[in-house]
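# Notes for the structure review
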Amino acid sequence: MKTMQAIVMTGAGGSEVLEEQDRPLPVPGFGQVRVRVHSSALNRADISQRRGSYPAPPGSPPDIPGLEYAGEVDETGPGVTLWKSGDRVMGIVGGGAHAEYLCTHEREAMAIPNGLDFNEAAAIPEAFLTAYDAVFRQLGMKAGETLLIHAVGSGVGTAALQLAARAGIVVTGTSRSSEKLTRAQELGLQHGVDASGDDWPHAVEAIAPRGIHGVLDLVSGPYLAGNLQVLASRGRLVVVGVTAGATQPIDLGVVLRKRLHIIGTVLRSRPLEEKIALAREFADRILPMFLAKSVVPVVDRVISFADIRSAHDLMESNSTFGKIVLTWA
């Protein structure tokens, strides 16, 4: 039996539960391609899954994390017409990307833009697909509107910032790090707000006294009350991450009075058809921006899969800007 190397969670807990193990080489089914993964990236979802609070969806490996990949088509299954062996592809999966090989539906895979290496490409799928979906498909942001992005220095934050700024949206971003806010200005951030204290809503109100049209919240928890405070009438809030907590009291009076829209979203558990539709739309509309270099993947650093525990510890330190990329090289 042919095998591959994979990062395996031996249980729920800290980074010590992660091990590199041999696993059977997956076989592509109908309409699937097998990808030789050169690089992947680390996401907050991987941390949550390791802790035992975010299990993989049905059909994904329950103990091999990893939501995105960049690599080469290694083998095609029956019925595949879009790709051939050797094609450079990237994409998102429900899990299993922290392995040397994975299988995915051919229409979920996207071509890696020319000029990008595998490490750069690995920083694109989860961050930019999530950001594109949240900013434009969920919030429906338009040119001239105002957008508040929490954790603007994160992977999704830096992606959303670039996409919004290129679309003519006025972006305000929060971070607990002044250094991250300064670096975000280079990506198009117009207004930076220090969120290390509890007074960030007042700072946002000073920037946008008529209120913010849309909020992209990657933090949640105690940020909820402030989000409702700064939103304009008929404003929209999309909750993408709950790193600061998933349970919080809500003032429904404010929601009613302002006629607010509160949206929750996650890509991982969506049906295959929805993921394919998003991937194809993203490939048509956004991938050309990478060719033109009007948007760029933001890589904090590249770490070998052999040092996976250190990568997890680094992400939990909240000291990174952009993505932590993992490589088998």
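Per chain, residue numbering runs from 1 following the sequence as it is written. Note on the predicted model: pLDDT of at least 70 is required for a residue's local features to be given, and 80 or more for side-chain atom pairs to be given and counted; whole-chain, interface and lining totals, by contrast, use all residues. Excluded from the side-chain calculations are hydrogens and water; all other atoms, namely the structure's heavy atoms, are used.

### Examining helix α6 (residues 200–207)
Filter applied, for reference: Type-normalised accessible area, obtained with a 1.4 Å probe on protein chains alone, sets the label of each residue: buried when under 20%, exposed when over 50%, and partly exposed for intermediate values. Every helix listed is a DSSP run of H or I at least four residues long, and every strand listed is a run of E at least two residues long, numbered separately from the N terminus. By construction, the arc corresponds to the directions joining the helix axis to the C-beta atoms. It only takes one pair of heavy atoms within 4.5 Å for two residues to be counted as in contact.
Within the sequence span of α6, burial applies to W200, P201 and V204. Projected down its long axis, α6 carries its buried residues within an arc of 100°, all on one side. Facing away from the buried side of α6 by more than 90 degrees, the exposed set consists of H202 and A206. Buried positions along α6 lie against β8 (146–149), β10 (191–194), β11 (212–217) and α7 (223–230).

### Remarks on helix α11 (residues 308–316)
Given 3.6 residues per helical turn, the α-helix brings residues three or four places apart onto the same face. If you check which residues of α11 are buried, you get I308, A311, H312, L314 and M315. Axial view of α11: buried residues confined to an arc of 160°, hence all on one face. Along its buried surface, α11 packs onto β1 (3–9), β2 (18–24), β3 (32–42), α1 (44–51), β14 (299–304) and β15 (323–327).

### What to know about the packing of α1 against α11
Quick reminder of the rule: Axis lines are fitted through C-alpha atoms, for helices just across the contact stretch, and the angle between N-to-C directions can take any value from 0 to 180 degrees. Put simply, angles under 35 degrees are roughly parallel, angles over 145 are roughly antiparallel, angles from 65 to 115 are roughly perpendicular, and the rest are oblique. Following the grouping adopted for this structure description, the nonpolar residues are Ala, Val, Leu, Ile, Met, Phe, Trp, Tyr, Cys and Pro, the charged ones are Asp, Glu, Lys and Arg, and the polar ones are all others, Gly among them.
The N-to-C vectors of α1 and α11 enclose an angle of 110°; their axes lie 10 Å apart at closest approach. The orientation of α1 relative to α11 falls into the category roughly perpendicular. Residue-level inspection shows R44, D46, I47, R50 and R51 of α1 in contact with α11, the latter providing H312, M315 and E316. Split into classes, the residues belonging to the contact of α1 with α11 amount to two nonpolar, one polar and five charged.

### Some points on the pattern of salt bridges
Inclusion rule: We define a salt bridge as a side-chain nitrogen of Lys or Arg found within 4 Å of a carboxyl oxygen belonging to Asp or Glu.
For the coordinates displayed, the defined rule picks out 13 salt bridges. The shortest N-O distance in the salt bridge between E316 and R51 comes to 2.4 Å. Within this pair, whereas E316 is found in helix α11, its partner R51 is found in helix α1, the two being separated by 265 residues in sequence.

### Things to note about the packing of helix α3 (residues 125–138) against helix α9 (residues 272–285)
The contact between α3 and α9 brings their axes to 11 Å, and the two run at 90°. Relative to α9, α3 is oriented roughly perpendicular. Touching F128, L129, Y132, D133 and R137 of α3 are L278, A279, E281, F282 and R285, all from α9. The class makeup of the residues in the contact of α3 with α9 is six nonpolar, no polar and four charged.

### So, the nonpolar core
Our working rule: In plain words, nonpolar cores are sets of buried Ala, Val, Leu, Ile, Met, Phe, Trp, Tyr and Cys residues tied together by side-chain atoms within 4.5 Å.
One finds F128, L147, L216, F282 and F290 to be the most contacted residues of the largest nonpolar core, which totals 51 residues. Of all elements in the fold, only β5 (88–92), α2 (118–122), α3, β8, α4 (155–166), α5 (178–185), α9 and α10 (287–292) reach the threshold of two or more residues within this core. The element best represented in this core is α3, accounting for seven residues. Apart from the residues within four sequence positions on either side, F282 is in contact with M110, I124, F128, L129, Y132, L287 and F290.

### Some words on the packing of aromatic side chains
Inclusion rule: Geometry of aromatic contacts follows a simple scheme: Phe, Tyr and Trp rings, the Trp one being its six-membered ring, pair when their centres are within 6.5 Å, and the pair is stacked under 30 degrees between planes, edge-to-face over 60, tilted otherwise.
One pass over the structure, following the stated rule, counts five aromatic pairs. Between F128 and F290 the ring centres are 4.9 Å apart and the planes differ by 75°, which places this aromatic pair in the edge-to-face class. Remark: F290 occurs in helix α10 and F128 occurs in helix α3; sequence separation between them is 162 residues. Exposure remark for F128: the relative accessible area of 2% places this residue in the buried category.

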